Structure formats: structure tokens, C-alpha cells
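# Overview (structure and organization)
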Amino acid sequence: MQKVNFLLSCTILLISATSLQCKAQAVDLKNASLIISASIPSPMRETAPEVLSQEISKRTGITLKNVAAWPKGNVPVIALALASDKTLLIRNVPASNGNGPESKPEGYRIVTETNGNSKTIWIIGADTRGVLFGAGYLLRHLKMSKSFMGKPLLELAGPVNVASSPAYAIRGHQLGYRSTANTYDAWSVAQFDQYIRELAIFGSNAVEGIPFHEDDKPSPHFKIPAAQMRIKMSGICQKYDMDYWVWTPGTFELKDEAKRKAELDLHEQFYKECPRLDHIFFPGGDPGDNHPSEVLPFLKELQSKLIKYHPKAKMWISLQGFDTEQIDYFYKYLETEKPTWLQGVVSGPGSPPIAETRYRLPKQYQHRQYPDITHQVRCEFPVEKFDQAYALTLGRESVNPRPNAFAKIHAKYAPFTDGFVSYSDGSHDDVNKVLWSMRGWDPQLDVHSILEEYSNFFFNPMAASTVASGIEGLEQNWKGPLAENGGIEMTYLNWRILERVEETLTDNWRWQMLVFRAYYDQYTRLRLIREQRLEKQANEVLATANQTNLQQVMDSAMIIVNNNRAAPIEKDIWKHLDVLSEAMYSSIGFQTSSKHKPRSPERGVVMDFVDYPLNNRWWLADEFDKIKKMDSPEKQLERLKMIAFWENPGMGSYYDDISSVAKGPRVKTISDDATDVAWWDNGMSRKRLSTQLFQREPELDYENLDPHGRYIIRVAGEGDALLRVDGHRLSPTVYNKEPETFKEWIVPLSLTRDGKISVTFDGPEESQLNWRKQSKISDIWLLKQH
């Protein structure tokens, strides 16, 4: 508690110092009026000032006045105009050189102007979107508070003269109102409106909906039917002048004329009902099993119906799930047919490489990325060196701010594209959305600055840098072995202090999510350290087994490994996690518990896994039951000894859990597709923890071996293992293919005479199998024979 109070005092001093800095040369806007150019077309002429007024009022209690004439005296003004305007009422619009960012599509200029004692902040947009994005810039940089030193605060650090336009034309996010989402399915129209507005404030210009696909699977959380919501979302996009995309797969056989006609009719009715519709995205083979020879004519017919109602709307296709022949067919079609009805290609999970796609795609076609920003494991961009404890508890879809990782990913792939619309299944990836939006606008933006703007707008401007660092700390929590990451405790303490300082943010769902993650990470680390220690103690007991005390050592080991006497701090953290879980469900519909009726436990239901065993106690219980059924004490003892010394095979021998982030220096390979982290039995697998991690073709190097020693290689896994030592294929002496069984090879003395060997595995031909059914290697031993 003394540590927390000391850090609390330091945090308050830091925030106070920051608040004093922001007073320098600030433009006070508490009494500001709004003037809007009549040349800004509707609905933006109404939308932009509404966004400014409402967002400022929420944060300050101050209501800006819309006025039709320049006020007299020292009244500050926020003026909205187009770059083509020469004057706004009686004032000249600040001129530019004509080639600046505010003259380019979606660009804007923000400039402060002093006229006597009065101040004007000009928001000058190249077009209607430029006006909105300029308003977003202003909102992200204003210092706003309902009570700062007892008074409302509404200031802009000045003077300002900033002009900007986006680097990438497409900057959007998928918001699927469907049962597989972990939050969106619980939203009202007003919540979608607010969220889409906030995406625009941070530079997004597109939203993607998901019509039709799951109309027969309504969520229990739906506020209105999906068919109604997708039309409402179209209207919201029209209001904010954002492109409305829809993701529409073909999950039926296109050769079926009746189904084909029904699908075309369904689309046409939807097109007719939408106030705004800009793009149709058809994922070629994910889902769907149709050949492009069927898909392309279908899309051409869809396009003919689309432009009847939305003449400027575009058609897109992805090559996801297509094999080599199908991909080649597609490019040959482009070469011979040169379809003008096709706007471009989307690259997403399962697509050919992004660079290859851009190089093969004729220049007249655009290229959009469809990045998965919503998952952290078993996905397109898995977290590097993600500890298994997190994979088992936080799983695939938890609160996952990854700003620095996604900045690098965006920098790697974006140059081959015209932009992105991300894959998202909930609000848990909110920080990632903002990162992608703003880096899509300006790839050179500093990550910490982006997070400061995020924190300034959504939380407290006086603590923006501190909160930004706290978000970065959450990302660092996921790097490397959990037990070795002492920074997790400091991140937890930082957020705990911020939680106490920022009491007004208790009901802020973004704040709830970040605090929740900080507590969850700390709880998981404390539990991992404690439970792993208990298993080591249990193994020490098992090591004392002999044929006369088998039952006794098994009973004693189970008592030790099942010891659930958590420290008081763990219990307090768990209680707070439960409170935050319910708070997030109330505020944003985030379904973190089975109590919340989620579609699937893999969809962010992290409270169901918060106490998943982080040692092998479930596996031990099952193994002991098997041992008790064995027909001889000799076999029972042999198995117990195997368990006791699984990870410690003795002097001169080596063991590797090959996909563990805490693996030793011998393992050279890292699986980068995240399919090496199992999801079995709906996340409640009782398998040994090491069995739930695997690679297909691991590589290991061993040094300092006894040149006169005899060695055996043992492998645990499933399916085939085609082993080579120093490039020589060896024949096994034991070869079991069932899960958690062993294979063994004798290493020829000729290969160990130099004191080192390299172990590799050839990949068996299993292209006909789903990856879940393919061979796996989880544990490898090099056992010295004595």
C-alpha cells in the first residue's frame, strides 16, 4: 500500500506539471461561437458543427453557439469553411498557396488568426470530408474538462497553422452487427452512430457492414433486427460522409440457379433500401467453395444491379482460399476480359502475399488490405512470443492494444495497397483501429503521439502522456515469458493508480477495458508463478515413488498441485475483474463471461478462463487414473517416473518444450502462423500444457555433447515425425502416432563425435488435411544413455 501511495503522489505531481504546461499561449474557447460556411453541402453543414458542439459539451458542459454573423468584441470563433471559399461572411478565409494539403481530397487546414483581441480558429476543408477531419483534428487537440481548478476548461494550445491530407485513400473498419461479434451485436443505433463518429474523428473514412450472412442466427443481444440495422448503418455513413462497404460472401454453390437468383434478389432489395452504398466486397473463397469461373460472372451481374441504385458504387473481390490454379485463372480473366465493372482486389487472411498481388494486378485496379486487427493468436498477425498462459486465458479475442506492433505491420504492407478496411469483431481492438486510421492518414505519425491524442480525447488531457505510456505498457506485458516479465507489476500499479486518480472515468468503457487488462495480466502472472511452483513440488514428491508407495505419492502430489490458497492480493484482483467484467457488459455489451450469452467461448469470454490451470493438475489427475488401472506395479512406477522427470531428464540429457516462449537456446524455429497454440474442447482441454503447443518442422542444435556417449532422441506429438540428424534421415525404433505417445531414434556415434548435432524434421505431405488434423511435434528429448 505504501508503494501505491508513493506512486500515486508522483502521478498527481506529473499530471499537475502537465496541466501547467498546457496553459502557455492557449486560446481560451469557453465563450466561443461557431460560424459555418453556407457553401459546405448538407448534411456536412449540419453534421460537422453538431460533432464539435456535442463532443465539447460532453467533456466541458459548455455549449457552443451557432451564429450567423461575426460576433463583436473579444468573442472567440471557430469558423468552418471550404478551401474554395474566398470569404466567410465579412471575413477573408486565410489563403494558402493553392497546392497545400487542404487542396487535396479529404485534406484540411487548421489555422489560428488574431483580429485585435479576438481569436479565430479556422477549419478549412478541401471538401466535406476535409471539414469533418479538420474538426476531428481540433477535438483531438483541445484541452477539455468540466472542472479544472474548479472551472470548465476549453483551450487550444496555440498558435496553430497545420495542414494535412491522407496518405491512403481507404481507411476503414468492419463493424459486423452479427452474433459472432463480442460487442457490436449488443449495440443500439445510437451507439453505432457515436462509434462511427469517433472513428471519423480519428481519420477513418469507411465502415464495412455484414449483411445477409447470419440473418438466420440472430443474437440474443440484438436491439433491432439485423436487416434494419444494416440500413441504419448506411444512413449513419451518409450523415458522416463515410463510405459504406458490405462484406457479402457466397456460401452456396453458384451453379444452383434457384439459389443464385434468390441471392441476386436479396442483394437488389438491399441495394434499393440503402441510403448510401459505395462498395461490395465478395471474399472469393473464405467462406465459399466456388471457382472464380463461377464467381466472376456472378459479381458482374451483381454490379449491374448495384449501379441501378448507386451509380458510383464499386465491386471488389478477394482471392482468399483460392488455390494456385484458381488464382491464375483470375489473373488470366483480367488480362483477357479487362473487366471495367471490377474496382479492385482485397487482400486478407488466406490471400496470396500482398506484394505479389500488387505486382500481378494491372495498374487500373485498386488493392485494399483486409488486416485482422482483432485477434492475437490463431490469426493473421499473432503476437510474437505470446506466453501460453495468456493463450489459455485471454485467448484469441481479448482487449488487445498492440499499437507498436501494428505500426510496423502497417509500414510493411501498406505501400502495396490503396488503403485498408480492417477485420474487427468487437470494441476490444479499439486502440488498434485508431492506430491504423491515423497511420493510414500519416504513416510517419509517432505511435506515442497517436496514443496521447487518443488519451487526450477519450480520457483526461492532463494525463494524456501518462495514459499513453500505460497503453504501451499493456502491449509490453505480452512480450516473452510471462513469469520473467516484472514490468507487468509496474504496469498494473500504474493503472491501479490512474484508476484512483481518474474517478470520473469509471463508466468510460474504453477506460474499463484498459484497466481490466492491467488487472488480468497481473492476476495471471501471480497465478502462473504460484501454480508452476506447486507443480515442481509435486514432481519432487513423485520422484520419491517406489513400488510400495505409489498411491501415497500420487495422493500427496495431487494435494500439492491442487492447492488453491491464493494470496489476498490475487483474491482482491479477481473480485475487481468480476466487477469490471459486469461494468463492460453494461456499458458496451462486451461479453466476457458465459453469463452474458456469447456466441462462442473463443469470442472474448476471458472470465470463463481466468482460472484455467497454469500447471498440469488436470492432466496429472487423468494420468493418475490411468496409472491406477495398469496391471503391474512395474508399469505404474515407470510411468510415474516418466512424469516426475518429464522436464528434467537428468545430467547430460536435454528436454525442450519446443513452442514455449521460455524455450532454451537449442530450438531455432518459431512458428509464425499461430496454429501452434491449440484450441481444444472449447478451450477447456485437459491435455498436458506442452502438448497444447507444437510445431510441424522444428529445428534444434545441440552442442557440448559427449563424443563417446550414446544418445536417443525421443519425440512426443501426434502423427508423423520425419527426423534428420545432420541431414541424415534416421529410422525410428519406436513410432507411435497417437496423441501424447512417443517416437524414438538412436543417434549413430559417427554423428556425435564432434560433440554437436543438428536435428531437423521433414514435413510430411498432408496438404489434403485441415491444419488441425496435420502432424504435430510438441516435446523433444535428447537422452544420454548410461
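This text gives an overview of the structure that appears in the document. Only a predicted model underlies this, so the values are computations on that prediction, with no experimental measurement involved. Note that residues are indexed from 1 along each chain, following the sequence as it is written. Since the coordinates come from a predicted model, pLDDT governs what is reported: local features require at least 70, and pairs of side-chain atoms require 80 or more to be given and counted, while whole-chain, interface and lining totals use all residues. To get the side-chain values, all heavy atoms of the structure are used, and hydrogens and water are removed first.

### Some words on the overall build of the chain
To keep it simple, the criterion reads: Helix numbering and strand numbering both begin at the N terminus, where a helix is a DSSP run of H or I of at least 4 residues and a strand a DSSP run of E of at least 2. A radius of gyration in this sense is built from C-alpha atoms; the matching globule rule multiplies 2.2 Å by the number of residues raised to 0.38. The Shrake-Rupley method, run with a 1.4 Å probe, gives the accessible areas here. Residue values count only the displayed protein chains as cover. In this tally, Asp and Glu contribute negative charge and Lys and Arg positive charge; neither His nor the terminal groups of the chain are included. Each charge is placed at NZ for Lys, CZ for Arg, CG for Asp and CD for Glu.
In terms of regular secondary structure, the chain is built from 21 helices and 28 strands. Against the 2.2 N^0.38 benchmark of 28 Å for 786 residues, the chain shows a C-alpha radius of gyration of 30 Å, consistent with a compact globule. Counting only C-alpha atoms and orienting by the principal axes, one finds that the chain spans roughly 100 × 75 × 50 Å. Accessible area for the chain stands at about 32,700 Å²; split by element, carbon and sulfur atoms hold 51% of it. Averaging the positions of the 94 positive and the 99 negative side-chain charges in the chain gives two centres separated by 4 Å.

### Some words on a negative patch on the surface
Here is the rule: Here, patches come from residues exposed beyond 30% relative accessible area and free of salt bridges, joined within 9 Å for like charges and within 5 Å for nonpolar side chains (Val, Leu, Ile, Met, Phe, Trp, Tyr). A carboxyl oxygen of Asp or Glu within 4 Å of a side-chain nitrogen of Lys or Arg is what we treat as a salt bridge.
Negative charge collects at one region of the surface, where Glu697, Glu699, Asp701 and Glu703 lie side by side. Take Glu703: it is sitting in the loop between strand S21 (700–702) and strand S22 (710–718).

### Quick notes on the pattern of salt bridges
Considering all chains together, one arrives at 48 salt bridges under this definition. Between Asp265 and Lys261 there is a salt bridge whose closest N-O contact spans 2.9 Å. Note that Asp265 and Lys261 are positioned in helix H6 (residues 257–273) at a spacing of four residues, about one turn of the helix. For the salt bridge of Arg603 with Asp425, the shortest nitrogen-to-oxygen distance reads 2.6 Å. Highlighted residues: Arg603 in the loop between helix H18 (568–588) and helix H19 (617–628) and Asp425 in the loop between strand S19 (419–422) and helix H12 (430–441), separated in sequence by 178 residues.

### Describing the layout of surface pockets
Taking a probe equal in size to a water molecule and rolling it over the atoms shows the remaining empty space. Quick note on the threshold: Every definition here rests on a 1 Å grid over the protein atoms only: cavities are sets of points where a 1.4 Å probe fits but cannot get out, pockets are open sets enclosed by protein on both sides within 12 Å along at least five of seven lines, and lining residues have some atom within 4 Å of a point. Grid points are joined across faces, edges and corners, and a volume is the space filled by probe spheres set on the points. Residue polarity is assigned by list, with Asp, Glu, Lys and Arg as charged and Ala, Val, Leu, Ile, Met, Phe, Trp, Tyr, Cys and Pro as nonpolar; anything else, Gly included, falls into the polar class.
Taken as a whole, the second largest pocket holds about 970 Å³ of empty space. Lining the second largest pocket are 38 residues, with Gln532, Glu647, Asp657, Ser660 and Ala662 positioned closest to its centre. At seven residues, the largest contribution of residues to the lining of the second largest pocket is made by helix H16 (residues 509–542). In the lining of the second largest pocket, the residues fall into 18 nonpolar, nine polar and eleven charged.

### Notes on the environment of Thr248
What counts, and what does not: Burial classification: accessible surface area is computed with a 1.4 Å probe over protein chains only, and a residue below 20% of its type maximum counts as buried, one above 50% as exposed, and the rest as partly exposed. Throughout, a contact is declared for two residues whenever any of their heavy atoms are within 4.5 Å.
Along the polypeptide, Thr248 turns up in the loop between strand S14 (243–247) and H6. By relative accessible area, Thr248 is classed as buried at 1%. A C-alpha to C-alpha distance of 30 Å links Thr248 and Ser42, two positions 206 residues apart in sequence. Leave out the neighbours within four places in its chain, and Thr248 touches Pro211, Phe212, His267, Ile280, Phe281, Phe282 and Pro283.

### A look at the environment of Asp611
Short version of the rule: The definition of a polar contact used here is a pair of N or O atoms within 3.5 Å, where within protein one atom must be able to donate a hydrogen and the other to accept one, and adjacent residues in sequence count solely through side-chain atom pairs.
Structurally, the position occupied by Asp611 is in the loop between H18 and H19. Residues Asp611 and Gln785, 174 residues apart in the sequence, show an inter-C-alpha distance of 40 Å. The contacts of Asp611, once residues within four sequence positions are left out, are Tyr523, Arg527, Trp574 and Arg617. Side chain to side chain, Asp611 and Trp574 meet in a polar contact 3.0 Å long.

### Let's talk about helix H14 (residues 464–476)
Quick note on the threshold: Multiplying 1.5 Å by the helix residue count minus one yields the expected span of that helix.
Across its 13 residues, H14 extends 18 Å between first and last C-alpha, which sits within 8% of the 18 Å expected from 1.5 Å per residue. Buried residues dominate H14, accounting for ten of its 13 residues. Among the residues making up H14, those that are buried are Ala464, Thr466, Val467, Ala468, Gly470, Ile471, Glu472, Gly473, Leu474 and Glu475.

### As for the pairing of S14
Note the threshold: At least two DSSP bridges between two strands are needed for those strands to be called paired. For the handedness criterion, the strands are oriented away from the viewer, and a crossover whose path from the first strand over the helix to the second runs clockwise is classed as right-handed.
Taken across its five residues, S14 has five buried, putting it largely inside the fold. Here S14 shows two buried faces, one formed by Asp243, Trp245 and Trp247 and the other by Tyr244 and Val246. Summarising the sheet, strand S13 (residues 206–209) and S14 pair through four bridges and their orientation is parallel. Considered in S14, the bridge of Gly209 is made with Val246. Sheet analysis places S14 next to strand S15 (residues 279–283), joined by three bridges and oriented parallel. Within the sheet, the bridge partner assigned to Val246 lies in S15 and is Ile280. With respect to chirality, the unit in which S14 leads through H6 into the neighbouring parallel S15 is right-handed.

### As for the packing of H19 against helix H20 (residues 633–644)
Threshold: Axis definition: a line fitted to C-alpha atoms, over the contacting stretch in the case of helices. Angles run 0 to 180 degrees between N-to-C directions. Here roughly perpendicular refers to angles of 65 to 115 degrees, roughly parallel to angles under 35, roughly antiparallel to angles over 145, and oblique to all remaining angles. Rotating anticlockwise by less than a right angle from the far helix to the near helix defines a left-handed crossing, while the corresponding clockwise rotation defines a right-handed one.
At a minimum axis separation of 9 Å, H19 and H20 run at an interaxial angle of 165°. Looking at the two axes, H19 sits roughly antiparallel to H20. When the axes of H19 and H20 are compared, the crossing they make is right-handed. Of the residues in H20, those in contact with Trp619, Leu620, Glu623, Phe624, Ile627 and Lys628 of H19 are Gln636, Arg639, Leu640 and Ile643. Tallied by class, the residues present in the contact of H19 with H20 amount to six nonpolar, one polar and three charged.

Function-wise, these values are silent; they only describe arrangement.
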